[in-house]
There are 2 protein chains.
Amino acid sequence: DNSALAAQLDQRINNKTKPLGSLGMLETLAKQIGLIQQTTDISLKQAVILVFAADHGIVAEGISAYPQDVTWQMVANFLAKGAAINVFAQQNHCDLQIIDAGVNHNFGSRDGLIDRKLAHGTRNFAQLPAMTPETCHRALASGMALVAELQGNVIGFGEMGIGNTTAAAALMHKLTGIPVAQCVGAGTGLSSDGVLHKQRVIEAAVALHSTAIEPLDILATFGGLEIAMMVGAMLQAAERRMVLLIDGFIVTSALLVAARISPAILDYCVFSHCSNEHGHREMLQHLHARPLLQLSLRLGEGTGCALALPLLHASVNFLNQMATFESAQVSEKS
Amino acid sequence: DNSALAAQLDQRINNKTKPLGSLGMLETLAKQIGLIQQTTDISLKQAVILVFAADHGIVAEGISAYPQDVTWQMVANFLAKGAAINVFAQQNHCDLQIIDAGVNHNFGSRDGLIDRKLAHGTRNFAQLPAMTPETCHRALASGMALVAELQGNVIGFGEMGIGNTTAAAALMHKLTGIPVAQCVGAGTGLSSDGVLHKQRVIEAAVALHSTAIEPLDILATFGGLEIAMMVGAMLQAAERRMVLLIDGFIVTSALLVAARISPAILDYCVFSHCSNEHGHREMLQHLHARPLLQLSLRLGEGTGCALALPLLHASVNFLNQMATFESAQVSEKS
């Protein structure tokens, strides 16, 4: 019974030597982890961040500040441990998995790269649905299979894919009804003219694909291979009662899809940060999510997850390690 | 020349493999640390949090939700490693120093307690100035001496003292001119009636001590021994070009005093979090400070400092460890 467990967690939290509620969001988080793990004896084991990479046909419309080659170049950078996510994951003792979901590049056999390539990028959704339904289903299944093999109980999600803020903005619009203008942002660094062009591209594509209504149709039509694989991974992670650590704009767009398929997934999600990518704040509001960090990040890769991880540990550690008023013989409120 | 160093830091930050500015506040922080340390080769060494504890005569007016004994009981809890600050400091590899600045209790010789007791608490500032000018000066000197002996280059500040949100609110009012009603909060958990009573107590004391105008007079009149010792410690830490990690409402009230004595101290300060104690947000605004964390904490002890420490490490680590566009052969913006 969850209400009994919730009461036990509240009691355990409130008996710690601190004013009632004074650990704020860390208390909320400790309780959430207890409810996810169905115990007051919470723990975090073998945290891992899965970074899904893929390319996007929509880049043909000139919607990104960087050339498509940056996707594979950054994947190579991940493998060489030179990217921000490598630095933050190592600092915070988090494993990393780098997954090629559909990068437009032949890596050959690369140490540390998990090859789940389904195509050399998606199709240009300004003309055709990004994926066929079959490809989309294969991506979902592939993401599920990856998570089925994990040993730990906390998973972060990251991504790399030039053009994927355009896909994510289209998904956001279709799944929330928020006007496209409020969904688009500068991505890796568009000018305001560039953002306006991106908006027009999405609006035209939305008009073209007006029959995409169901969440999986929307995902196949506007999504990316990395996004679809993440949706599968998220669904499987919640099924396994893992703590899901959500990163920025693109990862949250995947969650919008997953939450439409399985609304209960939100109980398992910890929102690591609010990104500076325009639209993320409203996306979080739509999900009634309160992010842990607000550092004006807009880098992706799962960096927000890696940076938030010490706060998850802090919430678990205070619950497990702090003294109680009784054990420390501290007087209670007068 | 700081402008040359600032440009070098900007260049080093901008050459990293990430969109321009995409690490947000971590970039600002890396640059600030570079300017503090006067180098692009930044590092954090032997982080330590100093927790100053003292009692407050003003508790006689019934302004706290907890009895005064909780001050010494929590000091004992710190020494037994059962408090929140112990848990978070240990998690994030931060040393702790627990300093008796003026607790109303005879600890005898206690392992790990740094005895700098100047009195068994302050006088009740509803009747008399909390400290004599001499006691206040001794507290400042004591704080300076403690910091003069430190080996590291990053210092966090924490405190424990039943009644000290009342002292801090009075300091805030006197040093910022913000009305008392906007400076008082619930502290460890007052009812709204309790908060109103606290406001009236402060307003009456402010009227009584209307001749206290200079910052050190204000500190001696309304402050606490732990607050005065912190002011000295802060001034010395900035003098030594350390990174100063500022905690919540009470620590920031000490900084208000220090910044009036030496405005340049603010260049050395990293604001770890915005507390839920009413008044802290306005205090930070007054200092034009942007806090790293907003977790609705209101615990004190230096807990915000300990929780923010991984973000400081992240800012140093990305600057030192990330690849550049050139080294990783990643294409730049098109």
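A quick note: this is a predicted structure, and the numbers were derived from the prediction, not measured.

Description of the overall build of chain A
- Of regular secondary structure, chain A possesses 14 helices and six strands.
- For a compact globule of 334 residues, the expected C-alpha radius of gyration is about 20 Å, and chain A comes in at 20 Å, within 12% of that figure.
- For chain A, the spread of C-alpha atoms along the principal axes amounts to about 70 × 45 × 35 Å.
- Across the 334 residues in chain A, those meeting the buried criterion constitute 64%.
- Residue pairs in contact within chain A that sit at least 24 positions apart in sequence constitute 75% of those at least 6 positions apart.
- As presented, chain A carries roughly 11900 Å² of accessible surface, and 48% of it is formed by carbon and sulfur atoms.
- Side-chain charges of chain A comprise 21 positive and 27 negative groups, with the mean position of each set lying 3 Å from the other.

Details of the relation of the copies chain B and chain A
- Of the transformation placing chain B onto chain A, the axial shift is 0.0 Å and the rotation is 180°, giving an RMSD of 0.0 Å. Each copy turns onto its partner about a two-fold axis. Of every C-alpha in chain B, the one belonging to Leu-293 of chain B sits nearest the axis of rotation, 3.2 Å from it.
- When the interface residues of chain B are mapped onto chain A, 100% of them again lie at the interface, so the same face is used by both copies.

Observations concerning the sheet that holds strand S3 (residues 113–115) of chain B
Residue and element names in this part refer to chain B.
- Here we have six strands laid out as an open sheet, ordered S3-S2-S1-S4-S5-S6, and parallel in their pairing. Because the sheet does not close on itself, it has two edges, and the strands there are S3 and strand S6 (269–271). Averaged over all pairs of adjacent strands, the angle between strand axes in this sheet comes to 30°, irrespective of strand direction.
- The sheet contact formed by strand S1 (residues 48–54) and strand S4 (residues 154–160) spans six bridges and is parallel. Bridge assignment links Phe-52 to a residue of S4, and that residue is Glu-159.
- On the sheet, helix H10 (residues 225–239) packs against S1, strand S2 (95–102), S4 and strand S5 (243–246) and is oriented at approximately 175° with respect to S4.
- Helix-sheet contacts for helix H13 (residues 303–321) involve S1, S4, S5 and S6, and the interaxial angle to S5 is about 135°.

Observations concerning the state of the cysteines
- What the rule picks out here adds up to zero disulfides over all chains.
- A disulfide-free cysteine, Cys-269 of chain A has its sulfur positioned 10 Å from the sulfur of Cys-305 of chain A, the nearest such atom.
- When its relative accessible area of 4% is taken as the criterion, Cys-269 of chain A is described as buried.
- No disulfide involves Cys-94 of chain B; its sulfur sits 8.3 Å from that of Cys-305 of chain B, the nearest cysteine.
- A residue is classified by how much of its surface remains accessible, and Cys-94 of chain B, at 9% relative accessible area, is buried.

Notes on the interface of chain B and chain A
- With 54 residues of chain B at the interface, the matching set in chain A holds 54 residues.
- Of the roughly 4500 Å² buried where chain B meets chain A, counting both sides, 59% is carbon and sulfur surface.
- Looking at the side of chain B facing chain A, the largest losses of area belong to Tyr-66, Leu-295 and Lys-333 of chain B, adding up to 12% of the total buried there.
- Run the count over chain B and chain A and you get zero salt bridges.
- Between chain B and chain A we count 22 residue pairs in polar contact (both at pLDDT 80 or more) in total.

Some thoughts on the packing of aromatic side chains
- Tallying each qualifying case throughout the model produces four aromatic pairs over all chains.
- Residues Tyr-66 of chain A and Phe-325 of chain B carry aromatic rings whose centres are separated by 6.4 Å and whose planes lie at 10° to one another, so their mutual orientation is stacked. Note that Tyr-66 of chain A is positioned in the loop between strand S1 (48–54) and helix H3 (69–79) and Phe-325 of chain B in helix H14 (residues 325–328), a pairing that runs across two chains. Across the pair, Phe-325 of chain B and Tyr-66 of chain A agree in class, each one buried.
- Taking 5.4 Å as the distance between ring centres and 75° as the angle between the ring planes, the aromatic pair formed by Phe-125 of chain B and Phe-222 of chain B counts as edge-to-face. In this pair, Phe-125 of chain B is assigned in the loop between S3 and helix H5 (133–148) and Phe-222 of chain B in helix H9 (residues 215–222), connecting sequence segments 97 residues apart.

Structural notes on helix H2 (residues 24–37) of chain A
- Between the first and last C-alpha of H2 of chain A there are 20 Å, a value that for 14 residues agrees with the 20 Å anticipated at 1.5 Å per step.
- Among the 14 residues in H2 of chain A, 11 count as buried, and that is most of the element.
- Those residues of H2 of chain A that sit buried are Gly-24, Met-25, Leu-26, Glu-27, Leu-29, Ala-30, Gln-32, Ile-33, Gly-34, Ile-36 and Gln-37 of chain A.
- Elements that come into contact with the buried residues of H2 of chain A comprise helix H1 (2–14), strand S5 (243–246), strand S6 (269–271) and helix H13 (303–321) of chain A together with helix H4 (84–91) and H13 of chain B.
- Once H2 of chain A ends, the next one or two residues include Gln-38 of chain A, with phi positive near 55°.

Topic: the environment of Asn-104 of chain B
Residue and element names in this part refer to chain B.
- Note on placement: Asn-104 falls in the loop between S2 and S3.
- Taking the C-alpha atoms as reference, Asn-104 lies 8.0 Å from Asp-69; in sequence the two are 35 residues apart.
- Once residues lying within four places of it in the same chain are set aside, the contact partners of Asn-104 are Asp-55, Gln-68 and His-120.

Topic: the environment of Gln-90 of chain A
- With respect to the helices, strands and loops of the structure, Gln-90 of chain A is situated in helix H4 (residues 84–91).
- Separated by 141 residues in sequence, Gln-90 of chain A and Val-231 of chain A have C-alpha atoms that sit 25 Å apart.

Description of the domain arrangement of chain A
Residue and element names in this part refer to chain A.
- Annotation of chain A at the domain level lists domain 1 (2–43 + 318–328) and domain 2 (48–316).
- Its C-alpha centre places domain 1 at a distance of 32 Å from the equivalent point of domain 2.
- Taken residue by residue, the interface counts 15 residues in domain 1 and 17 residues in domain 2.
- Together, the buried faces of domain 1 and domain 2 total about 1300 Å²; carbon and sulfur atoms form 62% of this surface.
- Contact with domain 2 buries area across many residues of domain 1, yet Met-25, Leu-29 and Ile-36 alone supply 45% of it, more than any other trio.
- Our count for the domain 1 to domain 2 interface comes out at zero salt bridges.
- Inspection of the region where domain 1 meets domain 2 yields 10 residue pairs in polar contact (both at pLDDT 80 or more).
- At the level of elements, H2 and H13 are the ones that each hand at least two residues to the side of domain 1 that touches domain 2.
- Sort the elements by how many residues they give to the side of domain 1 that touches domain 2 and H2 lands first, with nine residues.

Cut-offs applied
Along each chain, the written sequence defines residue order, and numbers are assigned to residues from 1. Chain letters start at A and ligand numbers start at 1, both assigned in the order the entries are written. In keeping with the predicted nature of the model, local features appear solely for residues at pLDDT of at least 70, side-chain atom pairs appear and are counted solely at 80 or more, and the whole-chain, interface and lining totals rest on all residues. Computation of side-chain values covers all heavy atoms of the structure but excludes hydrogens and water. By definition, any uninterrupted DSSP run of H or I lasting at least four residues is a helix, any uninterrupted run of E lasting at least two residues is a strand, and each is numbered from the N terminus. Throughout, radius of gyration means the C-alpha value; the globule benchmark is 2.2 Å times the number of residues raised to the power 0.38. Relative accessibility under 20% of the residue-type maximum defines a buried residue, over 50% an exposed one, and the middle range a partly exposed one, all with a 1.4 Å probe and only protein chains included. Should any heavy atoms of two residues lie within 4.5 Å, those residues are counted as being in contact. For the area figures, the Shrake-Rupley method with a 1.4 Å probe applies, and any residue is considered shielded solely by the protein chains shown. For the purpose of charge, His is not counted, nor are the chain termini; Lys and Arg are scored as positive and Asp and Glu as negative. Note that the charge is assigned to NZ on lysines, CZ on arginines, CG on aspartates and CD on glutamates. The fit set for superposing copies consists of C-alpha atoms from residues with pLDDT of at least 70 in both; the fit itself is least squares. Note on pairing: two strands pair once DSSP finds at least 2 bridges between them. Whenever a helix is involved, its axis is fitted only over the stretch in contact; in every case the axis is a line through C-alpha atoms, and angles between N-to-C directions fall within 0 to 180 degrees. To count as a disulfide, a pair of cysteine sulfur atoms needs to be within 2.5 Å. Put simply, buried area is the surface a 1.4 Å probe can reach on two separate parts but cannot reach once they are joined, added for both. Just to be clear on terms, a salt bridge is a Lys or Arg side-chain nitrogen sitting within 4 Å of an Asp or Glu carboxyl oxygen. N or O atoms within 3.5 Å of each other form a polar contact, as long as, within protein, one can give a hydrogen and the other can take it, and as long as residues adjacent in sequence are counted only when both atoms are side-chain atoms. Planes of paired rings set the category: under 30 degrees apart is stacked, over 60 is edge-to-face and the rest tilted, where pairs are Phe, Tyr or Trp rings (Trp by its six-membered ring) whose centres lie within 6.5 Å. Expected span, for any helix, means 1.5 Å times one less than how many residues it has. Each domain's extent is set by a domain assignment, obtained either automatically or from a database.

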